[in-house]
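Letter by letter, the chains look like this.
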Amino acid sequence: VQLVESGGGLVQPGGSLRLSCAASGFTFSRYGMNWYRQAPGKEREWVAGITAIGGNTNYGDAVKGRFTISRDNAKSTVYLQMNSLEPEDTAVYYCNTYYGRMYWGQGTQVTVSS
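Residues numbered from 1 in each chain as written. Predicted model: local features only at pLDDT ≥ 70, side-chain atom pairs only at ≥ 80, totals over all residues. Heavy atoms only, no water.

Q: Where do I start with the state of the cysteines in this structure?
A: Working definition of a disulfide: a covalent bond connecting the sulfur atoms of two cysteines. The full count for this structure, using the stated rule, is one disulfide. Bridging cysteine 21 to cysteine 95, the disulfide has an S-S length of 1.9 Å. Between cysteine 21 and cysteine 95, the S-S torsion sits near 45 degrees, and that sign places the bridge as right-handed. Separated by 74 residues along the polypeptide, cysteine 21 in strand S3 (residues 17-24) and cysteine 95 in strand S9 (residues 91-98) bring together distant segments of the chain. Comparing cysteine 21 with cysteine 95 shows no difference in burial state: the two are buried. (Disulfide = S-S within 2.5 Å. Helix = DSSP H or I, 4+ residues; strand = E, 2+ residues; numbered from the N terminus. Buried < 20%, exposed > 50% of the residue type's maximum accessible area, 1.4 Å probe, protein only.)

Take a look at the structure:
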């Protein structure tokens, strides 16, 4: 199993970014996917999740209404569209799935600063 995140960067407050997570090594369409984040000095925080069947989504309270998780099963990729970004969103963002055990990507840095 391999998860590779991309799309992070530096953005001004109020801006947008779209993160991608390319998955391989398992049948992507059969597994739920999640995004987490970890800010310096803080615990890793669940951000959003999407189910395998039906593509139902859920969000953490801190990002509800601003972030959107989606998936493209043909590309084995999960996305996180982040709008109205705030400095508090600065963190390393990780995608995650459970396939016998938890798997994590290497993370992508998102910095929101003017």
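More follows now that the structure is in view.
Q: Looking at this model, I keep getting lost on the side chain of threonine 108. Mind explaining?
A: Along the chain, threonine 108 falls in strand S11 (residues 108-112). Accessibility expressed as a relative area gives 10% for threonine 108, which makes it buried. In terms of polar contacts, threonine 108 uses its side chain to reach the backbone amide nitrogen of glycine 8, at 3.1 Å. Apart from the residues within four sequence positions on either side, threonine 108 is in contact with Glu5, Ser6, Gly7, Gly8, Leu19, Ala91, Val92 and Tyr93. (Polar contact = N/O pair within 3.5 Å; in protein donor to acceptor, adjacent residues only side chain to side chain. Contact = heavy atoms within 4.5 Å.)

Q: It is not clear to me how unusual backbone geometry should be interpreted in this structure. Could you clarify?
A: A negative phi holds for most residues other than glycine; trans holds for most peptide bonds. A positive phi angle, close to 50 degrees, is found at serine 76, a residue other than glycine. Checked against the element boundaries, serine 76 lands in the loop between strand S7 (67-72) and strand S8 (77-82). Classification of serine 76 as partly exposed rests on a relative accessible area of 21%. Residues other than glycine seldom take positive phi values, yet serine 84 does so here, at roughly 50 degrees. Here serine 84 lies in the loop between S8 and S9.

Q: Would you explain the pairing of strand S4 (residues 33-38) in this entry?
A: Across a regular strand the side chains alternate sides, sitting on one face of the sheet and then on the other. The pairing of S4 with strand S5 (residues 45-50) spans five bridges and is antiparallel. By the bridge assignment, asparagine 34 is partnered in S5 with glycine 49. Where S4 folds back on S5, the antiparallel hairpin that results is connected by six residues, among which glycine 41 adopts a positive phi of roughly 75 degrees. Both S4 and S9 contribute to a ladder of five bridges, which runs antiparallel. (Pairing = 2+ DSSP bridges.)

Spatial relationships are all this shows, so hold off on functional conclusions.
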